[in-house]
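Observations on the model geometry
Now for the letters of each chain:
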Amino acid sequence: MRIYDIIMKKRDNEELSQEEIKFFIDGYTDGSIHDYHAAALSMAIFLNKMNERETIDLTDAVMHSGETIDLSNIEGVKVDKHSTGGVGDTTTLILAPLVASLGIKFAKMSGRGLGHTGGTIDKLESIKGFNTSLSTEEFINNVNNINVAVIGQTKNIAPADKKLYSLRDVTATVDNISLIASSIMSKKLAAGSDAIVLDVKVGSGAFVKNYDDAVELATLMVKIGEGMGRRTMAVISEMAQPLGNAIGNAIEVIEAVDVLKNEGPDDLRELCLTLGANLVVMANKADNYEDARELLKEQLSNGEALEYFEKLITAQGGDINFINDYDDLPKAKYIKEIFSLEDGYIETIESDDVGIASLMLGAGRVNIEDDIDHSAGIYILKKIGDYVTTDEPMAVFYTNNESLIEDAEKRFHSAFKYCDSPIDHPQLVKAIVSIDGVKKFK
Ligand code: URA
Ligand code: CA
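Residues numbered from 1 in each chain as written. Chains lettered and ligands numbered in written order. Predicted model: local features only at pLDDT ≥ 70, side-chain atom pairs only at ≥ 80, totals over all residues. Heavy atoms only, no water.

Spatial ordering of the open sheet is given by β10-β8-β12, a layout of three strands whose pairing is antiparallel. Only two strands of the sheet have a single neighbouring strand rather than two, namely β10 (387-388) and β12 (416-419). Sheet topology note: the strand β8 (residues 344-349)/β10 ladder contains two bridges and is antiparallel. Opposite Tyr-345, over in β10, you have Tyr-387 as the bridge partner. (Pairing = 2+ DSSP bridges. Helix = DSSP H or I, 4+ residues; strand = E, 2+ residues; numbered from the N terminus.)

Turning next to helix α16 (residues 405-414). Within α16 the residues assigned to the buried category are Ile-405, Ala-408, Glu-409, Phe-412 and His-413. End-on view of α16: buried residues confined to an arc of 130°, all on one side of the axis. For α16, exposure combined with an orientation more than 90 degrees from the buried face picks out Glu-406 and Lys-410. Packed against the buried residues of α16 are β7 (334-339), α15 (351-363), β9 (377-380), β11 (393-399) and β12. (Buried < 20%, exposed > 50% of the residue type's maximum accessible area, 1.4 Å probe, protein only. Arc of directions from axis to C-beta. Contact = heavy atoms within 4.5 Å.)

We now examine the coordination of the calcium ion (ligand 2). Within the protein, the atoms that donate to the calcium ion (ligand 2) are Gly-88 (O), Leu-243 (O), Ala-246 (O) and Glu-255 (OE), at distances of 2.2 to 2.5 Å. Sequence spacing of the donors to the calcium ion (ligand 2): G-x154-L-x2-A-x8-E. (Donors = N, O, S within 2.8 Å, 3.2 Å for Na, K, Ca; no water.)

Further remarks concern the domain arrangement of the chain. Partitioning the chain into structural domains gives domain 1 (3-63), domain 2 (78-324 + 430-440) and domain 3 (331-419). Taken over C-alpha atoms, the centre of domain 2 sits 25 Å from the centre of domain 3. Facing 25 residues of domain 2, the contacting portion of domain 3 comprises 23 residues. The contact between domain 2 and domain 3 buries some 1,800 Å² in all, and 53% of this surface belongs to carbon and sulfur atoms. On inspection of domain 2 and its partner domain 3, the count reaches three salt bridges. Across the pair Asp-352 and Lys-209 runs a salt bridge, and its minimum N-O distance is 4.0 Å. Here domain 2 is connected to domain 3 by 15 residue pairs in polar contact (both at pLDDT 80 or more). Class assignment for the residues of the side of domain 2 that touches domain 3 results in nine nonpolar, 11 polar and five charged. (Domains from an automatic or database assignment. Buried area = accessible area lost by both parts, 1.4 Å probe. Salt bridge = Lys/Arg side-chain N within 4 Å of Asp/Glu carboxyl O. Polar contact = N/O pair within 3.5 Å; in protein donor to acceptor, adjacent residues only side chain to side chain. Nonpolar A, V, L, I, M, F, W, Y, C, P; charged D, E, K, R; others polar.)

Looking at ligand 1, the residues that line it are Tyr-165, Arg-168, Ile-180, Ser-183, Ile-184, Lys-187 and Phe-207. The side chain of Arg-168 places a nitrogen or oxygen atom 3.0 Å from an oxygen atom of ligand 1. Here a nitrogen atom of ligand 1 and a side-chain polar atom of Ser-183 are 2.6 Å apart. With the chains in place, 92% of the 240 Å² that ligand 1 exposes on its own is no longer accessible. Among the elements of the structure, α8 (159-169) and α9 (177-190) are those that each provide at least two residues to the shell around ligand 1. Counting residues per element, the shell around ligand 1 draws most heavily on α9, at four residues. Looking at the shell around ligand 1, its residues break down into four nonpolar, one polar and two charged. (Near = heavy atom within 4 Å. Areas by Shrake-Rupley, 256 points an atom, 1.4 Å probe, with all protein chains shown as cover.)

Moving on, we get to the environment of Ile-94. Looking at the secondary structure, you find Ile-94 in helix α5 (residues 91-100). The class for Ile-94 is buried, based on a relative accessible area of 0%. For the pair formed by Ile-94 and Val-253, sequence separation is 159 residues and the distance between their alpha carbons is 9.3 Å. Once residues lying within four places of it in the same chain are set aside, the contact partners of Ile-94 are Ala-256, Val-259, Leu-260, Leu-268 and Cys-272.

Buried within helix α7 (residues 136-146) are the following residues: Phe-139, Ile-140, Asn-142, Val-143 and Ile-146. Down the axis of α7, the smallest arc covering the buried residues is 160°, so these residues share one side. Facing away from the buried side of α7, by more than 90 degrees, are the exposed residues Glu-137 and Asn-145. Looking at the buried side of α7, the elements it contacts are α5, β2 (105-110), β3 (148-152) and α14 (304-315).

The subject of this paragraph is the environment of Lys-155. Mapped onto the secondary structure, Lys-155 falls in the loop between β3 and α8. In this structure Lys-155 comes out as exposed when scored by relative accessible area, which is 72%. Sequence separation of Lys-155 and Glu-67 is 88 residues, and the distance between their C-alpha atoms is 8.8 Å.

Structure, rendered in structure tokens:
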């Protein structure tokens, strides 16, 4: 088999066989197939697309390009969640202990900040002592003991995806549904859980900008997951504006604890209940979605979800004092109220720009090896549909470096568009996609 022939075949819009796809991925992983081959093939796939069978074969090959985690030593249904990436998305910190408190095993590998979005692992590292790199054995032990563990993705998970994703990123080949779906699902499937809920974000802060594309991507990922014997559901959720109010690291930990204390922002709570209810149903702990939601609400109001959060933090070496004393988390030296530049109703928010403004304050990295300022971030006080005036704060900035504020503020303001007449608050959960089809929410 020759990579040249495979590229030519896809260039000429023919279907690739399972063997050809595996040959490409194996060769690209071991270095015998080069970046220029992979770039040409990615562009051919981008232009001529892959069908469902090719996409499943690609996912399978990428998944097996490295280590796959064996969770069979954990009893019961193991669940996992994945978000396609949003701004201010703190759901994992809430969802993991919330679901675990019902006896469901949540074995989670999470990532660091990427592009304009933050990462769960960076957020957790705001907590004194918290260890995000347990060995596979410790990871499995913790899930067996307390139903939950959250660690950074190990290096050997889907190495082909790491190479291919970086390459696509610089060759304008990211936005192809087969490449995105196989990239996401290969990592999730390698991480070993039995049931997966996908949070497919749509809107200004997401890489999928419209509803129909989101449904298409979600449907394909659900088919891939189910095709590989895992129960898979997807929630289509709004990313027209940041989730909750906090965007950063320590301030997002606080926001998550607020929700676990049965307080906190409604949208963040709602998304956790929706994602969680799908996991509860897939783990056979409730007969239907409505019952599952009620169970989860009860866990938030009776304090058990918070109790499992404490167990999670303690089991991974963290100090839980911050839960009752937020001053125990990294604190910013500079706190600045930001005022609107005009009066009006907020009509749209470019969430990417808000995410970037937060990174500019120190909450994210410019280079891979950079340290992040865990205290840095943005707390937004006004969202779409809210009325703002120039003499009222619309956000609060946090940073340890005062010189970063001016540029971040410009970027932040550039994200907002205003209008004169009232407009509706956007609908958060748009649809739930299962193997049986799409259930659209009114
Ligand atoms: N996230 C991924 O992990 N891969 C993609 O291709 C796009 C988003
Ligand atoms: Ca948030």
